[in-house]
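# Descriptive structure summary
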Amino acid sequence: MIDPLAEVVSLLRPSARYSKLVSGAGQWRIKRSDGGRPFYCIVLDGGAYFSVNGYEPIELQPGDFVLVPAVDRIDMSSLEPPHQNSEMQPVAIGAGEFRVGLQDAPPDLRMVVGHCDFESPDVALLVSLLPRFIHIRGEHRLGTLVKLVGDESRAQRPAREEVLSRLLEVLLIEALRCTTGTSASPGLVLGLADVRIANAIRAIHERPAHAWTVAELSQEAALSRSAFFERFNRTVGIPPKAYLLAWRMALAKQLLKQSQVRIADVAEHVGYNSASTFSVAFSRHVGTPPSEYASTQGGEHAAVTEPVG
């Protein structure tokens, strides 16, 4: 059976950027902008207040895991914040560790923080299918995975990048499948948590080339057409046909990155009867024709042919 969540994470193609151990002592506050990059954090000891992208602050406790697929702004402070609204920068203290707050006091906080990159050509779409903010408490497996990522990122072992990409995929999947409560923001994870909607999503992923109608998808979900449309839109955040189109275009982008690919084959794979019809739809959705997109993605090794006539 096709696993939509695993497919999305695989297409995201996460790669390690960096991770570091941060300890804190006394009163401190950090504010920073991160330009939409994925951010993760796990608290090993102690606690802190954490706010991201303007959300209300939450109190982090030992074992807590935070994942934000796209960070714009981070605000973090000690549990007893400074009286003044002053900001600090972590100071390197050696062995890959950084300190915030008092430099000569025993730490009352230890956490691993890091960034990864998504190398997919369709990051914006795929990230939009994920929850905007994930906070998980008491999942030991996540802590183990984060420690493995941190250890591998600092080592210079053979096949380091390959191992890191696989670890990050597992880390993302593990974090996302822990986020199935109704508090999750609309997106793929919340949709998959709804058994009825999950059936329709899996049908789309198993047969992306099928000419799905809302009526057919509602039958997959065992719901009336109107109830299915409303429920899909509420849980996933976009209408069913919009999700189908977006997923087809994500698959098409991935295929067009391969060398020696024919546009007619890509068109057939994602549900279009002709290469010309697919080219029009792709150009409207992406902003550039598929042949041009393939040449920019595949460089000199791409050999994509447009249909004649």
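One can find the structure itself at the top, above this paragraph.
Just so you know, these numbers come straight off a predicted model, no measurement behind them.

## Quick look at helix H4 (residues 160-177)
A rise of 1.5 Å per residue sets the reference length of H4, with its 18 residues, at 26 Å; its end C-alpha atoms lie 26 Å apart and thus fit the reference within 8%. All of the buried residues along H4 are Arg 160, Leu 164, Ser 165, Leu 167, Leu 168, Glu 169, Leu 171, Leu 172, Glu 174, Ala 175 and Leu 176.

## Description of the packing of aromatic side chains
This structure, assessed with the given rule, holds 8 aromatic pairs. Ring geometry for Tyr 55 and Phe 133: centres 6.0 Å apart, planes at 25 degrees, overall stacked. A residue pair is termed long-range when its members are at least 10 positions apart, and Tyr 55 in the loop between strand S3 (48-52) and strand S4 (58-60) and Phe 133 in the loop between helix H2 (123-128) and strand S9 (134-136) qualify at 78 residues. Tyr 55 gets classed as partly exposed once you look at its relative accessible area, which sits at 33%.

## What to know about the packing of helix H1 (residues 4-12) against H4
At a closest axis distance of 10 Å, the pairing of H1 and H4 adopts a crossing angle of 140 degrees. Taken as axis vectors, H1 and H4 run oblique relative to one another. Along this stretch, H1 crosses H4, giving a crossing that reads as right-handed. Contacts between H1 and H4 involve Leu 5, Ala 6, Val 9 and Ser 10 from the first element and Glu 169, Leu 172, Ile 173, Leu 176 and Arg 177 from the second. Its residues placed into classes, the contact of H1 with H4 shows 6 nonpolar, 1 polar and 2 charged.

## Regarding the side chain of His 115
Residue position: His 115 is located in strand S8 (residues 109-118). Here His 115 falls in the buried class, since its relative accessible area comes to 2%. At 2.9 Å, the side chain of His 115 and the backbone oxygen of Pro 38 are in polar contact. Setting aside residues up to four positions removed in sequence, His 115 forms contacts with Ala 16, Arg 17, Tyr 18, Arg 32, Asp 34, Arg 37, Pro 38, Phe 39 and Tyr 40.

## As for the pairing of S8
The buried count for S8 comes to 8 of 10 residues, which makes it a mostly enclosed element. Sheet topology places strand S1 (residues 14-25) next to S8; 10 bridges connect them, and they run antiparallel. Its bridge partner lying in S8, Ser 15 is registered against Asp 117. As judged from the 7 bridges shared by strand S2 (residues 29-46) and S8, these two strands associate in the antiparallel manner. Of the residues in S8, the one forming a bridge with Asp 45 is Arg 110.

## Quick word on helix H9 (residues 240-256)
Taking 1.5 Å per residue as the helical rise, H9 with its 17 residues ought to reach 24 Å, and the 24 Å between its terminal C-alpha atoms agrees with that figure. Taking burial as the measure, the 17 residues of H9 include 13 buried ones, the bulk of the element.

So, how was this worked out
- Residue positions are counted from 1 within each chain, in the order its sequence is given.
- Reporting in this predicted model follows two pLDDT cut-offs: at least 70 for local features of residues, and 80 or more for side-chain atom pairs to be given and counted; totals over whole chains, interfaces and linings ignore these cut-offs and use all residues.
- Water and hydrogen atoms were dropped before computing side-chain values, which therefore reflect all heavy atoms in the structure.
- Under the scheme used here, helices are H or I runs from DSSP no shorter than 4 residues and strands are E runs no shorter than 2 residues, and both carry numbers assigned from the N terminus.
- An expected span of 1.5 Å times one less than the residue number is assigned to each helix.
- Working definition: with a 1.4 Å probe on protein chains only, accessible area under 20% of the residue-type maximum means buried, over 50% means exposed, and in between means partly exposed.
- Only Phe, Tyr and Trp rings take part, Trp by its six-membered ring, and two of them pair if their centres are within 6.5 Å. Stacked means planes under 30 degrees apart, edge-to-face means over 60, and tilted covers everything else.
- The convention used is that axes are lines fitted to C-alpha atoms, helices contributing only their stretch in contact, and that angles between N-to-C directions extend from 0 to 180 degrees.
- What sets the label is the angle itself: under 35 degrees gives roughly parallel, over 145 gives roughly antiparallel, 65 to 115 gives roughly perpendicular, and the rest give oblique.
- Helix crossings are classified by the rotation of the near helix relative to the far one: an anticlockwise turn of less than a right angle makes the crossing left-handed, while a clockwise turn makes it right-handed.
- A contact between two residues is defined here by any heavy atoms of the two lying within 4.5 Å.
- Three classes are used: nonpolar for Ala, Val, Leu, Ile, Met, Phe, Trp, Tyr, Cys and Pro, charged for Asp, Glu, Lys and Arg, and polar for all others, with Gly counted as polar.
- Polar contact is defined as a pair of N or O atoms within 3.5 Å, subject to the rule that within protein one atom must be able to donate a hydrogen and the other to accept it, and that residues adjacent in sequence are counted only when both atoms are side-chain atoms.
- Whether two strands pair depends on DSSP finding at least two bridges between them.

Remember, this is a structural readout, not a statement about activity or role.
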